[in-house]
Amino acid sequence: MNTVILVVLNLITSWAVATQGGSIQFIKDSQVPVEIQAKIIEEIQQRCPSVFSATEVQTSVKIVQVDQGVQDTYFSTELSANTKGNKNSKIIQLRVQSVEWAVSHPDIEQFEVLWISSATESVCN
């Protein structure tokens, strides 16, 4: 019985956070792997408190040969974001640089968000 109550409370809390904090969405066939999408969402929520919602506009991919066929994959993602404000919400562009490292090692994160920026305003830390 306690487990059922905890599951229901967790679902209610998750729903409240999702609706209160807006959403960050990626296009249907995004080139960004789901693991990196999750990290981008987490990083935007942490680093960009004034961003209410965002949608992927485009992503370019750059593959860098590291050594003997091993390659790192870099993703440059542009998102259209809405900032939250009382009367003056704005639409801004966010740029996110992320990478899938070729290294497979338990002490190294394989997927990483390198930086997030906005050309028009400093909305992210």
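Here is what the cut-offs are and how they apply
Residues numbered from 1 in each chain as written. Predicted model: local features only at pLDDT ≥ 70, side-chain atom pairs only at ≥ 80, totals over all residues. Heavy atoms only, no water. pLDDT = per-residue confidence, 0-100. Contact = heavy atoms within 4.5 Å. Disulfide = S-S within 2.5 Å. Helix = DSSP H or I, 4+ residues; strand = E, 2+ residues; numbered from the N terminus. Buried < 20%, exposed > 50% of the residue type's maximum accessible area, 1.4 Å probe, protein only.

Now for the confidence of the model for the protein. When pLDDT is averaged along the protein, the result is 81; 78% of the residues meet or exceed 70. Contacts from residues 1-20, a stretch scored under 50 in pLDDT, to residues over four places away or in other chains number 2 contacts.

To continue, consider the state of the cysteines. Summed over all chains, the structure comprises 1 disulfide. The disulfide that involves Cys-48 links it to Cys-124, with 2.0 Å between the sulfurs. Of note, the bridge from Cys-48 to Cys-124 carries an S-S torsion of about 105° and is right-handed in sense. Residue Cys-48 is located in the loop between helix 2 (34-47) and strand 2 (51-67), and its partner Cys-124 is located in the segment after strand 5 (111-118); the two are separated by 76 residues in the primary sequence. Taken as a pair, Cys-48 and Cys-124 share a single burial class, namely buried.

Its place among the elements puts Leu-114 in strand 5. Each C-alpha atom of the pair Leu-114 and Gln-97 lies 5.4 Å from the other, and the pair is 17 residues apart in sequence. Beyond its immediate chain neighbours, meaning those up to four positions away, Leu-114 contacts Arg-47, Tyr-74, Gln-97, Ser-98, Val-99 and Trp-101.

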